[in-house]
Amino acid sequence: MEVLEIGCGSGLFLRYLLHRDFRFVTGIDYDENLNGALEDLKEAGYTIELTDAETYVDKNLNSLLFDRIVLFDVLEHIELNDSVKLLRKLHGMLNEGGKILIRVPNTTSPWGLRMQFDTFDHITLFSPGRLHELAAITGYKISAISGQTTGKLRKVWFQQCLHWTLSRLLPYHPQIWEAVLICTFEKSD
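Residues numbered from 1 in each chain as written. Predicted model: local features only at pLDDT ≥ 70, side-chain atom pairs only at ≥ 80, totals over all residues. Heavy atoms only, no water.

Undergrad: Any chance you could explain the layout of surface pockets here in plain terms?
TA: Summary: where empty space remains is shown by rolling a probe the size of a single water molecule over the atoms. As a volume, the largest pocket reaches approximately 740 Å³. Looking at the largest pocket, it is lined by 27 residues, and the ones nearest its centre are Ile6, Gly7, Tyr30, Asp73 and Val74. Taken together, the residues that form the lining of the largest pocket break down as twelve nonpolar, four polar and eleven charged. Of the voids in this model, the second largest pocket is the one considered here, and its volume is about 310 Å³. Along the wall of the second largest pocket there are 14 residues; nearest its centre are Trp111, Gln148, Thr150, Gln159 and Ala179. Ranked by the residues each element gives to the lining of the second largest pocket, the list is headed by helix 7 (residues 153-169), at five residues. Each residue belonging to the lining of the second largest pocket can be placed in one class, and the counts come to six nonpolar, six polar and two charged. (1 Å grid on protein atoms, 1.4 Å probe; cavity = no way out; pocket = protein on both sides within 12 Å on 5 of 7 lines; lining within 4 Å. Points joined across faces, edges and corners; volume = space filled by probe spheres on them. Nonpolar A, V, L, I, M, F, W, Y, C, P; charged D, E, K, R; others polar. Helix = DSSP H or I, 4+ residues; strand = E, 2+ residues; numbered from the N terminus.)

Undergrad: Mind showing me how you'd approach the pattern of salt bridges here?
TA: One side chain can pair with another of opposite charge once the charged atoms of both are near each other. Under the criterion given, the structure shown has ten salt bridges. Of the charged contacts in the structure, one is a salt bridge between Glu54 and Lys89, with a shortest N-O distance of 3.9 Å. Here the residue Glu54 occupies a position in helix 3 (residues 53-60), and Lys89 occupies one in helix 4 (residues 80-90), the gap between them amounting to 35 residues. Given a relative accessible area of 46%, Glu54 falls into the partly exposed group. (Salt bridge = Lys/Arg side-chain N within 4 Å of Asp/Glu carboxyl O. Buried < 20%, exposed > 50% of the residue type's maximum accessible area, 1.4 Å probe, protein only.)

Fair warning: the whole summary comes from geometry, so function is off the table for now.
Here's what the structure looks like:
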């Protein structure tokens, strides 16, 4: 499987892929200061490019194809119009049956609001409904969407109980309570 991670940062997800024996992996990030932090991944045979996503995609459109394109904690940092352009261009970089994996703060959740508004560089707001709209206007469909759960089992169980209780008490509540949304985009037929 060929994987492209846009906004790879210091390479945490890339190292997970390396640990799982993925061999055909590319990571891109616009921060040139990450060069030293990503050196071990280059030595392992991964392709690392320190450039912005638009430049990389424009340079490689229709010449490189990937089975998975990963955008973890990226889309909330860019304007909606730029996200739309990027996602439309990524059609030309997906193999048949390829998917785009997206992770963003969930602004319909009270817990996700803190993640979204705790920093000035989060520009675009996302919710389950907005992700469905984004998929529709960029030629994708969402095959899966869920909240990301983290923490010890007891804490996760307590959160689920709290969410269940609040959903029954409040007249209006989030569809997904978790602070972070994970979704999968696939090309529409």
